[in-house]
Amino acid sequence: MTTKSFHWLASLIAATLLLWKERPRAVLAVHAFSTRSTTKIHLIDNIPCREIGIYISSLDESITILEATLEGQDKLVDEVLKLDEELNGGDEILVREDPYGSVLWPAALTVSEHITHDSFWKTTQQRKPILLELGTGTGLVALAASASNKFASVLATDYETVPLELLDAAYKLNQNDDITTPVFTSLFDICNLSEPLPPADIVCAADILYEKRTGVALARRVIEALERGSRVVIGCSPGRPGRPAFLEELQRLNSNMKDVNFVDVEGTTCTGERNSLICGEGSTSISDEPEMLLVAIMDLTPDCL
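Structure report, in brief. Just so we're clear, the structure is a prediction, and the values are computed from it rather than from any experiment.

Cut-offs applied
Residues numbered from 1 in each chain as written. Predicted model: local features only at pLDDT ≥ 70, side-chain atom pairs only at ≥ 80, totals over all residues. Heavy atoms only, no water. Phe/Tyr/Trp six-rings, centres within 6.5 Å; stacked < 30°, edge-to-face > 60°. Helix = DSSP H or I, 4+ residues; strand = E, 2+ residues; numbered from the N terminus. Buried < 20%, exposed > 50% of the residue type's maximum accessible area, 1.4 Å probe, protein only. Lys NZ or Arg CZ within 6 Å of the ring centre and 35° of its normal. Contact = heavy atoms within 4.5 Å. Core = buried A, V, L, I, M, F, W, Y, C linked by side-chain atoms within 4.5 Å. Expected span 1.5 Å × (residues − 1). Polar contact = N/O pair within 3.5 Å; in protein donor to acceptor, adjacent residues only side chain to side chain. Pairing = 2+ DSSP bridges. Right-handed = clockwise from strand over helix to strand, strands pointing away.

**Some points on the packing of aromatic side chains**
For step 1, the next point in the chain: According to the stated counting rule, one finds five aromatic pairs in the structure shown.
For step 2, the next point in the chain: Here Trp105 and Tyr210 contribute two aromatic rings whose centre-to-centre distance is 6.2 Å and whose plane-to-plane angle is 65°, an arrangement assigned as edge-to-face. One end of the pair, Trp105, is in the loop between helix H2 (70-88) and helix H3 (106-116); the other, Tyr210, is in the loop between strand S7 (202-206) and helix H6 (212-227), with 105 residues separating them in the sequence. Each member of the pair Trp105 and Tyr210 is classed as buried.
For step 3, the next point in the chain: The rings of Tyr100, Trp105 and Tyr210 are connected pair by pair, giving a single aromatic cluster.
For step 4, the next point in the chain: A cation over a ring is seen here: Arg240 above Trp105, with NZ or CZ 5.3 Å from the ring centre.

**Describing the environment of Phe262**
For step 1, the next point in the chain: If you trace the backbone, Phe262 turns up in the loop between helix H7 (243-253) and strand S9 (263-268).
For step 2, the next point in the chain: Between the C-alpha atoms of Phe262 and Leu247, which are 15 residues apart in sequence, the distance is 9.0 Å.
For step 3, the next point in the chain: When residues no more than four places from it in sequence are discounted, the contact partners of Phe262 are Leu209, Ile234, Cys236, Arg243, Phe246, Leu247, Ala296, Ile297 and Met298.

**So, the nonpolar core**
For step 1, the next point in the chain: Counting residues in hydrophobic clusters, the biggest one holds 44 residues, and the most contacted among them are Ile115 and Leu140.
For step 2, the next point in the chain: Listing elements by their share of this core, those giving two or more residues are strand S2 (47-56), strand S3 (61-68), H3, helix H4 (140-148), strand S5 (153-158), helix H5 (161-174), S7 and strand S10 (292-300).
For step 3, the next point in the chain: When residues of this core are assigned to their parent elements, the largest contribution, seven residues, is made by H4.
For step 4, the next point in the chain: In this view, Leu140 contacts Ile54, Ile56, Ile63, Ile65, Leu104, Ala108, Leu109 and Ser112; residues no more than four positions away in its chain are not counted.
For step 5, the next point in the chain: Ile190, Ala219, Ile223 and Val260 belong to the second-largest nonpolar core, a separate cluster that totals 30 residues.

**Details of H6**
For step 1, the next point in the chain: Its 16 residues place the ends of H6 23 Å apart at the C-alpha level, agreeing with the 22 Å of an ideal helix rising 1.5 Å per residue.
For step 2, the next point in the chain: Within H6, burial applies to Thr214, Gly215, Val216, Ala217, Leu218, Ala219, Arg221, Val222, Ile223, Ala225 and Leu226.
For step 3, the next point in the chain: Measuring from the backbone nitrogen of Arg213 back to the side-chain oxygen at the start of H6 gives 2.9 Å, which picks out Glu211 as the cap.
For step 4, the next point in the chain: Immediately beyond the C-terminal end of H6, within one or two residues, lies Gly229, with a positive phi of roughly 105°.

**Description of the pairing of S7**
For step 1, the next point in the chain: Within S7, five of the five residues are buried, which leaves the element mostly enclosed by the surrounding structure.
For step 2, the next point in the chain: Of the two faces of S7, both are covered, the one formed by Ile202, Cys204 and Ala206 as well as the one formed by Val203 and Ala205.
For step 3, the next point in the chain: Relative to S7, strand S4 (residues 130-134) is paired through four bridges, and the arrangement is parallel. Within the sheet, the bridge partner assigned to Glu133 lies in S7 and is Cys204.
For step 4, the next point in the chain: Here S7 runs beside strand S8 (residues 231-236); their pairing, made up of five bridges, is parallel. Bridge assignment links Ala205 to a residue of S8, and that residue is Ile234.
For step 5, the next point in the chain: Handedness of the crossover joining S7 and S8 through H6 is recorded here as right-handed.

See below:
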């Protein structure tokens, strides 16, 4: 992450810190969407991560992902806050840590289910499509797409290296099971509009609307993808601050998008340890046991323009 890109992340964490500085660190129950788990810990870029098995009902299979442990999350958050202090002192620093992408969020499961369900494939495909994921995080969507064997290839992108390393390691863990389609990873910042979207037939993103700036950028990427002929799927858990800006910018960019909105579908909360600056105590995304959660989905085709 460049110094410029870092400021919004540090500001987001700093704002949360101000709200929660008088409260104890939130430690919630373990295992997001888990049907199986192990005590095996992997060090990914020196960040402790645990294996979690995520059941994908549309595949009737479990996918293994890696998620930062509470210790790993603490390390990422502390590093961001430390670098924020240094940046405020005038230092120019390249930042690589992103604590939000190191853990699983509800929309990742919802998007995974959506793009691998038979109903998503209403027309006969002459060829398998290429999938591009923006902001892959723990990589569940990319891994589920690969396991479905419905895509020619998957390109998972993120603006940070840690999520891509989590995905690379998880891909290897799944290779002896159901992962059949190649998954490639690449650094890509959706906010850097000077860089075009990588080519793909389908573009998806899950839970990346954390901030107004990102919401505006994602709206522009959606229009870019649609204009070139790509189908677009966006998943958003409740309470994401960038969602209003995303919808406003989408409608501003194209008058045909004025009636476009998210549709709520039944999803599932995450359960798992969270640093309180990554996920506050009152978050609806987290619960002690998995619970039904309405997650917003937007599925757009080029003919909507």
